[in-house]
Amino acid sequence: MNTLKLLLLGIFATIGLTACGGDSKDQPEVNTDNKITLDCTVSTDFDANEASFNIAVASPFEWDATCSADWVNLTKKGTLEKQGTISVEIKKNSNRQSRTAEIVVRNARNGQASLTVKQAGKEPEPVDPTIQVPEGYELVWNDEFDSGSELNRDKWTHEVQGAGWVNNELQHYVNGSYDGIRVTEVSDGVLTITASKTAGRVISGRVYANVDTGWKYGIFEARIKLPKGKGTWPAFWMMPANNDWGSTPWPLCGEIDIMEEVGTNANYTSSSIHCDAYNHTKGTQKTAERFTADAEGEFHVYRLEWTEESIRTFVDGHALLTFYNDKTGNVRTWPFNKPFYVILNLAWGGDWGGMNGVDESALPAKMEVDYVRVFQKI
């Protein structure tokens, strides 16, 4: 690294607010011997990764340091002494844009010195040339299910819940497998979610992508083959990440259903949004449905385009649902201004999937996913 020696003379100024007719004697004392020296032996231009370095501080009076950005953490030692140190920790930059922060050191006699820290944006991820990236966007997350036999646990989280947990559904969601039977499995570039019956219970899979942080806005796309049989209820949808369910319960928190289908109404795929003003408990949900030929026997591409302006869904490139932000700032009508995470699941029965009963001869039923991709604007 380049060696950088910073010797910054203190800046003297009379600081404060003076009312009309104020007396100059109210101004802070200026000491002509006041001087702060910052000594840093590394370059303060960093790449997008985490980094740390130290700054040696020399000041004739007690001092303190602040930073203008929350991605820079300061640990200060010796602030009451003439010699001290600042340990600087820089967080990883997950955005493509570079960023700048200023570390400012001030002492008790109005001396001041500063140091600028610059961090580059992350480099674009290498993209398989077979993946079509929308113009003006970049691929920020994907799973092509092309390695291993199980879901990547660094990318996906299994839900574990008993029957009746939501919507009076009959399945038990399990953590990958139960009684030696897998509910999620990766093979030949495809994720298969299987609902089956064993030991007197129906087991199935519900998995979350990037559940801790989610994504705010972007294009979310999956290529899916749906299961067959009365009682099946597959879905590709999104819920808010790190939601406070006590203060923001459903439906106030918001929900985006990119694709749902029930086997009792075979091949009719739908998209919906739910929020406090528009949801199915009130009969006011915003929903669009279309017949998608061979949805239960062939792969089709289901897509969400989510921006600050609107939510739009597509099936094989054909527009389905459009829902606009009313720009009122009302969380009841637009809670879609925060990160959401992706969900894939195969339910069995329930209020909608079982509205005409279930046919257990359809088990095991399989939902197959070729890929899941997330794009965001550059």
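In what follows, the structure referred to is the one given above.
As the structure is a prediction and not an experimental result, all values here were calculated from the model. (Residues numbered from 1 in each chain as written. Predicted model: local features only at pLDDT ≥ 70, side-chain atom pairs only at ≥ 80, totals over all residues. Heavy atoms only, no water.)

### Concerning the overall build of the protein
1) Next: What the protein contains, in helices and strands, is one helix and 27 strands.
2) Next: A compact globule built from 378 residues would reach a C-alpha radius of gyration of about 21 Å, whereas the protein, at 28 Å, exceeds it by more than 25%.
3) Next: In terms of its C-alpha atoms, the protein occupies a principal-axis envelope of roughly 90 × 50 × 40 Å.
4) Next: In the protein, buried positions account for 46% of the 378 residues.
5) Next: Of all intrachain contacts in the protein linking residues separated by at least 6 positions in sequence, the fraction that spans at least 24 positions is 66%.
6) Next: In the form shown here, the protein has an accessible surface area of approximately 18,900 Å², with 45% of it arising from carbon and sulfur atoms. (Helix = DSSP H or I, 4+ residues; strand = E, 2+ residues; numbered from the N terminus. Rg over C-alpha atoms; globule rule 2.2 N^0.38 Å. Buried < 20%, exposed > 50% of the residue type's maximum accessible area, 1.4 Å probe, protein only. Contact = heavy atoms within 4.5 Å. Areas by Shrake-Rupley, 256 points an atom, 1.4 Å probe, with all protein chains shown as cover.)

### So, the side chain of Gln119
1) Next: With respect to the helices and strands, Gln119 occurs in strand E8 (residues 112-119).
2) Next: Here Asp47 takes part through its backbone oxygen, which lies 3.4 Å from a polar atom of the side chain of Gln119.
3) Next: At a separation of 2.9 Å, a polar atom in the side chain of Gln119 contacts the main-chain carbonyl oxygen of Lys91.
4) Next: Not counting residues within four places of it along the chain, the set of residues in contact with Gln119 comprises Phe46, Asp47, Ala48, Asn49, Trp71, Ile90, Lys91, Lys92, Asn93, Ser98 and Arg99. (Polar contact = N/O pair within 3.5 Å; in protein donor to acceptor, adjacent residues only side chain to side chain.)

### A short note on the nonpolar core
1) Next: The biggest cluster of nonpolar side chains holds 48 residues, and the ones touching the most others in it are Ile224, Trp306, Phe336 and Leu344.
2) Next: With near-sequence residues (within four places) excluded, Trp306 lies in contact with Trp215, Lys216, Tyr217, Gly218, Phe220, Met238, Ile256, Ile311, Trp334, Phe336, Lys338 and Phe340.
3) Next: Formed by 23 residues, the second largest nonpolar core is a distinct cluster that contains Ile36, Cys40, Ala51 and Ala101. (Core = buried A, V, L, I, M, F, W, Y, C linked by side-chain atoms within 4.5 Å.)

### Focus on the state of the cysteines
1) Next: Using the criterion set out here, one finds zero disulfides in the structure.
2) Next: With no disulfide of its own, Cys67 has Cys40 as its nearest cysteine by sulfur position, at a separation of 13 Å.
3) Next: By relative accessible area, which is 23% here, Cys67 ends up partly exposed. (Disulfide = S-S within 2.5 Å.)

### Some remarks on the environment of Phe375
1) Next: Structurally, the position occupied by Phe375 is in strand E27 (residues 365-377).
2) Next: Counting along the chain gives 322 residues from Phe375 to Phe53, while the straight-line C-alpha distance between them is 34 Å.
3) Next: Every residue in contact with Phe375, bar those within four places of it in the chain, is listed here: Ile131, Gln132, Val133, Pro134, Tyr137, Glu138, Leu139, Val140, Gly218 and Ile219.

### Some words on unusual backbone geometry
1) Next: Here the bond from Trp250 into Pro251 is cis, since omega is 5°, no more than 30 degrees from zero.
2) Next: Relative to the elements of secondary structure, Pro251 occurs in the loop between strand E19 (232-240) and strand E20 (255-260).
3) Next: Cis peptide bonds are those with omega within 30 degrees of zero, and the linkage from Leu363 to Pro364 qualifies with 0°.
4) Next: Assignment of secondary structure puts Pro364 in the loop between helix H1 (350-353) and E27.
5) Next: The backbone of Asn110 shows a phi angle near 70°, a positive value even though the residue is not glycine.
6) Next: Note on placement: Asn110 falls in the loop between strand E7 (99-107) and E8.
7) Next: Taking relative accessible area as the criterion, Asn110 reaches 22% and is therefore assigned partly exposed.

### Some words on the packing of aromatic side chains
Any pair of aromatic rings gets described here by the distance separating the centres and the angle formed by the planes.
1) Next: Overall, the coordinates contain 16 aromatic pairs when judged by the stated rule.
2) Next: Aromatic pair Phe323 and Trp334: ring centres 5.8 Å apart, planes at 10°, arrangement stacked. Separated by 11 residues along the polypeptide, Phe323 in strand E25 (residues 318-324) and Trp334 in the loop between E25 and strand E26 (340-348) bring together distant segments of the chain.
3) Next: On the basis of relative accessibility, which here comes to 8%, the residue Phe323 falls in the buried class.
4) Next: With 6.4 Å between their ring centres and 85° between their planes, Phe323 and Phe336 make a pair best called edge-to-face. On the criterion of sequence distance, the pair formed by Phe323 in strand E25 and Phe336 in the loop between E25 and E26 is long-range, its members being 13 residues apart. (Phe/Tyr/Trp six-rings, centres within 6.5 Å; stacked < 30°, edge-to-face > 60°.)

The quantities given are spatial measurements derived from coordinates; they are silent on function.
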